[in-house]
Amino acid sequence: GDIQITLIKDRAGQQLHNYLLDRLNPRGAPARPRFVLSIVSTISKTELGIERDETATRAKLSLTAKFELKDIASQRILTFGTARSTNSFNIVDSDFATLSAEKDAIDRAARVVSEEIKTRLSLYLNRFKDQTR
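All of these numbers come straight from a predicted model, not from anything done at the bench. (Residues numbered from 1 in each chain as written. Predicted model: local features only at pLDDT ≥ 70, side-chain atom pairs only at ≥ 80, totals over all residues. Heavy atoms only, no water.)

Chemist: I keep staring at the sheet that holds strand E1 (residues 3-5) and nothing clicks. Help me out?
Modeler: Within a sheet, each strand pairs with its neighbour through backbone hydrogen bonds, oriented either parallel or antiparallel. Judged by pairing direction, the sheet is mixed, and its four strands sit side by side in the order E1-E2-E3-E4 without closing on themselves. One side of each edge strand has no neighbouring strand; the edge strands of this open sheet are E1 and strand E4 (77-90). Between one strand and the next, the sheet's axes are offset by a mean angle of 25°, whatever the strand orientation. Note: E1 against strand E2 (residues 35-50), three bridges, orientation parallel. (Pairing = 2+ DSSP bridges. Helix = DSSP H or I, 4+ residues; strand = E, 2+ residues; numbered from the N terminus. Axes fitted to C-alpha atoms, helices over the stretch in contact; angles between N-to-C directions.)

Chemist: In this structure, what is going on with the nonpolar core? I would like to understand it.
Modeler: The nonpolar side chains of a soluble globular protein tend to be buried with one another. Of all hydrophobic cores here, the largest spans 23 residues; its most connected members are Ile-3, Leu-16, Leu-20, Leu-37, Ile-39, Ile-117 and Leu-121. For this core, the secondary-structure elements that each account for two or more residues are E1, helix H1 (10-24), E2, strand E3 (56-71), E4 and helix H2 (95-131). When residues of this core are assigned to their parent elements, the largest contribution, seven residues, is made by H2. Those residues in contact with Leu-16 that lie beyond four places of it in its chain are Ile-8, Ile-39, Ser-41, Ala-65, Ala-110, Val-113 and Ser-114. Counting residues in each nonpolar core, the second largest holds six residues, with Ala-12, Leu-61, Phe-89 and Ile-106 among its members. (Core = buried A, V, L, I, M, F, W, Y, C linked by side-chain atoms within 4.5 Å. Buried < 20%, exposed > 50% of the residue type's maximum accessible area, 1.4 Å probe, protein only. Contact = heavy atoms within 4.5 Å.)

Following this line, the structure appears as structure tokens:
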């Protein structure tokens, strides 16, 4: 509850930001945060399952998030890392169905990445708390 999360660019970043808010600050944004979490996210998409007519039938989508946690008072970087999730989705004849499947893959990836970041920050902050006693 002591972590302020900076905004993350694009729609996938917004989803990741919102999942992190739910996981790290379930009672809302802290009034006086001690830490700030900065994240840069990127998405890559690779088409797989190429047919004879060179159309793809499957795609692999990866969401990568580089994060760093800073102490607000000292501006010192306490920990940093990279979290990644890879999902796949079908590419079908319907553009709407393909777009919907891609959005779902992005949402699943954002959920997994947010959970990994939360777990890694929890482990770090638990050790950090023990060191400051």
